[in-house]
Structure formats: C-alpha cells, structure tokens
Amino acid sequence: MPYMSLPKKLALKNLQLPVGTRIKFIKELSSGPDEFSPGNLYAEKDGLGEVVGHDCWEGHCVKWDEWPHPFGAIHGEEFVQDHNYQKTKGAPR
C-alpha cells in the first residue's frame, strides 16, 4: 500500500497573498539619490502595510502605511504576512 507524501514546499516568493492582506516589511526599501531624485524611502524595516495588487514584476504590489504610492516587493525577501494584525484588532479567533 503506497504512503501519502507531503506536498512540495512553495517558496514564499511564489506564493501570492490576497489583496488586502496586512504585511510587515523585513528590510528597509529605499532608492538612492540620482540625477532625477534625491531618493525615496518606500518602507521602513518593521513597518506595516498591505498588498494592493499583483501587477508588479516582483510578484506583489504593496503599500506602506506611511507612503501613499504602491510599489513592487518580493514576498519572503522584503516583506512577510503580518499574522499579529488580526489579533491586535480584536478580530474573532
């Protein structure tokens, strides 16, 4: 009798989180100064935000709560799902 096998593990960057999912940035995301701009801070390390789409080449279009414009970020390398968000908002468990 054959045994059941576990499903293959999916790399986080290949896993699409639903739009509206709360996230936490695990590193600072910024662009340095150049001839066009003095540089931008897109998200601080440990900052919170949310997934707003999937039309970015990085896999997820996200928005930091302190920056009004969405940008692309890689799940597992630049941000992770914020599992504590619902607990702190008093949502049913």
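Here the structure is a predicted model, which means the values were calculated and not measured.

Further remarks concern the environment of threonine 21. With respect to the helices and strands, threonine 21 occurs in the segment before β1 (22–25). Put simply, threonine 21 and histidine 83 are 62 residues apart on the chain and 9.6 Å apart in space, counted from C-alpha to C-alpha. If we skip the residues at most four places from it in the chain, threonine 21 touches Gly49, Glu50, Val51 and Gln81. Polar contacts involving the side chain of threonine 21 include one to the main-chain carbonyl oxygen of proline 18, which spans 2.6 Å.

The backbone of aspartate 46 shows a phi angle near 70°, a positive value even though the residue is not glycine. Summarising the element assignment, aspartate 46 is placed in the loop between β3 (40–43) and β4 (48–53). With relative accessibility at 47%, the residue aspartate 46 sits in the partly exposed group.

In this section: the pairing of strand β5 (residues 60–64). The buried fraction of β5 is high, at four of five residues. In terms of strand pairing, β4 meets β5 through four bridges, oriented antiparallel. Following the sheet pairing, valine 51 is matched in β5 by valine 62. In textbook terms, the turn of a hairpin is the stretch between consecutive antiparallel strands, and for β4 and β5 this stretch comprises six residues, one of which, glycine 59, has a positive phi near 110°. In the sheet, β5 pairs with strand β6 (residues 71–73) via three bridges, with the strands oriented antiparallel. The residue bridging valine 62 from the neighbouring strand is phenylalanine 71, located in β6. Between β5 and the antiparallel strand that follows it, β6, lie six residues.

This next bit is on the side chain of aspartate 82. On the secondary structure map, aspartate 82 appears in the loop between β7 (79–81) and α1 (85–88). Buried aspartate 82, no salt bridge; nearest opposite-charge side chain is arginine 22, N-O distance 5.5 Å. In this structure the side chain of aspartate 82 is engaged in a polar contact, spanning 3.3 Å, whose partner is the backbone nitrogen of asparagine 84. With residues up to four places along the chain from it excluded, the contact list for aspartate 82 reads Arg22, Ile23, Lys24 and Leu48.

About the thresholds
Residues numbered from 1 in each chain as written. Predicted model: local features only at pLDDT ≥ 70, side-chain atom pairs only at ≥ 80, totals over all residues. Heavy atoms only, no water. Helix = DSSP H or I, 4+ residues; strand = E, 2+ residues; numbered from the N terminus. Contact = heavy atoms within 4.5 Å. Polar contact = N/O pair within 3.5 Å; in protein donor to acceptor, adjacent residues only side chain to side chain. Buried < 20%, exposed > 50% of the residue type's maximum accessible area, 1.4 Å probe, protein only. Pairing = 2+ DSSP bridges. Lys, Arg positive; Asp, Glu negative; His and termini not counted. Salt bridge = Lys/Arg side-chain N within 4 Å of Asp/Glu carboxyl O.

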